[in-house]
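Take a look at the letters that make up each chain.
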Amino acid sequence: MSHLPVLPVEVLELLAPKAGEVFLDGTLGLGGHAGLILEKIRKTGKLIGLDLDSRNLELAQNNLQKFSNLETHQANFRDLLKFTSPASLDGILLDLGVSSLHFDDASRGFSFQNLGKLDMRFDSTQPLDAAAILNSFPENEIADIFYKFGEIRSSRKIAKQIVEFRRKQKFRQTEDLVNLIAHPKLLPQVFQALRIRVNSELENLEQGLNSAVEALKSGGRIAVISFHSLEDRIVKNFFREQKKLKILEILTKKAVGPSASELAENPRSRSAKLRGARKF
Ligand SMILES: C[S@@+](CC[C@H](N)C(=O)[O-])C[C@H]1O[C@@H](n2cnc3c(N)ncnc32)[C@H](O)[C@@H]1O
């Protein structure tokens, strides 16, 4: 099983990996980008790959088995300094969010189009899943999740319906939630919001960016691919702050999106936005 990496040419251009360099891929996924970087850093270089999802990690190890200089860990990229020292890396990649496999596997509960357990955890050992949030969080917290992470205006109404539903029965399956949402147009935002909360995605990104800058050497590069405006805003603002502090030089004036040919070949790239920076 493989995964078509998004913006492959643009990522390599920004990260400019060279023989002998040390890289960290904080979102290894199925190893698509990692394979491209490993080819460039050659045997003399090293790549540390992290992923929260043990299944993706196994698939990546299998896809990248020809490379002896790959070190993998099931870990959150916000903890990347556990696996490398400050000022040690030539490059870091974060390709945020879900892999296509997450959407395709109904049992993981990421897709409103598939019937499956209302789960949505990247790390299946984490106790909190999507059903637990809907079954136990106070109504106002549920409304906040949909408002903040899904930008849904009718968040209070949805939260009220959720609390009414759970008085009668527990949320278990994706269809329990799908059937409750009167406007199908809202389903992508509803599912996105819950997923972001289940996996603390925005906090991970904020902490991960800080750790990444600390882990980069002078001259080291960072590339971040995001898939929605909440993430992209965090990356954009973080790079701007670090520029003011004269810690990072921004390499992408505007976020880079997919070319027409990539869009035709890989529709998943549609909402991808890439930003890059270099440490002074
Ligand atoms: C878009 S996919 C990466 C695809 C990869 N670049 C490739 O080419 O195959 C994102 C991956 O990041 C993982 N992930 C999401 N948040 C994470 C985090 N905070 N720490 C580590 N891995 C994370 C997900 O489990 C998923 O496998």
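Per chain, residues are indexed from 1 in the order of the written sequence. Two thresholds apply to this predicted model, a pLDDT of at least 70 for residue-level local features and 80 or more for giving and counting side-chain atom pairs, whereas whole-chain, interface and lining totals are computed over all residues.

Things to note about helix 1 (residues 8–15)
Reasoning step 1: Exposure classification rests on a simple neighbour count of other C-beta atoms within 10 Å of a residue's own: a residue reaching 20 or more is buried, one at 12 or fewer is exposed, and one in between is partly exposed. C-beta atoms are placed from the backbone. Each helix is a run of H or I in the DSSP string that is no shorter than four residues. Each strand is a run of E no shorter than two, and both are numbered from the N terminus. Among all positions in helix 1, only Glu 10, Val 11, Leu 14 and Leu 15 are buried. Buried positions in helix 1, seen along its axis, are confined to an arc of 120° and lie on one side of it.
Reasoning step 2: Any residue pair is listed as a contact if its two C-beta atoms, each placed from the backbone, are within 7 Å. Those residues of helix 1 that are buried are in contact with helix 2 (32–41), strand 4 (89–95), strand 5 (216–226) and strand 7 (273–279). Throughout, the arc means the angular range of directions from the helix axis out to the C-beta atoms.

Section: the domain arrangement of the protein
Reasoning step 1: Its domain assignment divides the protein into domain 1 (8–100 + 203–279) and domain 2 (124–198).
Reasoning step 2: An automatic or database domain assignment provides the domain bounds reported here. The C-alpha-based centres of domain 1 and domain 2 are spaced at 30 Å.

Some points on the environment of Ser 136
Reasoning step 1: With respect to the helices and strands, the residue Ser 136 is situated in helix 5 (residues 130–136).
Reasoning step 2: Taking the C-alpha atoms as reference points, Ser 136 and Arg 166, 30 residues apart in sequence, are found 8.9 Å from one another.

Considering the site of the ligand
Reasoning step 1: Here, nearness means that the C-beta atom of a residue, built from backbone geometry, sits within 6 Å of the molecule or strand in question. With respect to spatial proximity, 22 residues lie near the ligand, and among them Pro 5, Thr 27, Gly 29, Gly 32 and Asp 95 are the closest.
Reasoning step 2: Secondary structure elements with two or more residues in the shell around the ligand: helix 2 and strand 2 (46–51).
Reasoning step 3: Asp, Glu, Lys and Arg are counted as charged, while Ala, Val, Leu, Ile, Met, Phe, Trp, Tyr, Cys and Pro are counted as nonpolar; the rest, among them Gly, fall into the polar class. Among the residues making up the shell around the ligand, the classes are represented as six nonpolar, twelve polar and four charged.

Considerations on the pairing of strand 7
Reasoning step 1: For strand 7, the tally of buried residues reaches six of seven residues, placing the bulk of the element in the interior.
Reasoning step 2: Two strands pair if DSSP finds at least two bridges between them. Alignment of strand 5 against strand 7, held across six bridges, turns out to be antiparallel. Note that in strand 7 the partner of Arg 221 across the bridge is Arg 278.
Reasoning step 3: Strand direction decides the pairing type here: strand 6 (residues 248–250) and strand 7, joined by three bridges, are antiparallel. The residue of strand 7 that forms the bridge with Ile 250 is Ala 277.

Here we look at the nonpolar core
Reasoning step 1: Put simply, a nonpolar core is buried Ala, Val, Leu, Ile, Met, Phe, Trp, Tyr and Cys residues tied into one set by C-beta atoms within 7 Å. In terms of nonpolar packing, the biggest core is built from 48 residues, with Leu 38, Leu 47, Ile 92, Ala 212 and Ala 223 touching the most fellow members.
Reasoning step 2: Setting aside anything within four residues of it in sequence, one finds Ala 212 in contact with Leu 80, Ile 92 and Ile 222.

Some details on unusual backbone geometry
Reasoning step 1: Even without glycine at this site, Met 120 takes up a positive phi of about 70°.
Reasoning step 2: Of note, Met 120 is situated in the loop between helix 4 (100–104) and helix 5.
Reasoning step 3: A residue is classified by how many C-beta atoms lie within 10 Å of it, and Met 120, with 25 of them, is buried.
Reasoning step 4: A positive phi angle, near 45°, is found at Ser 200, a position not held by glycine.
Reasoning step 5: Relative to the helices and strands, Ser 200 is located in the loop between helix 9 (187–198) and helix 10 (201–215).

Notes on helix 10
Reasoning step 1: By definition here, a helix of n residues has an expected span of 1.5 Å times n minus one. Look at helix 10: 20 Å from first C-alpha to last across 15 residues, which is about the 21 Å you get at 1.5 Å a residue.
Reasoning step 2: Those residues of helix 10 that sit buried are Glu 201, Asn 204, Leu 205, Gly 208, Leu 209, Ser 211, Ala 212, Val 213 and Ala 215.

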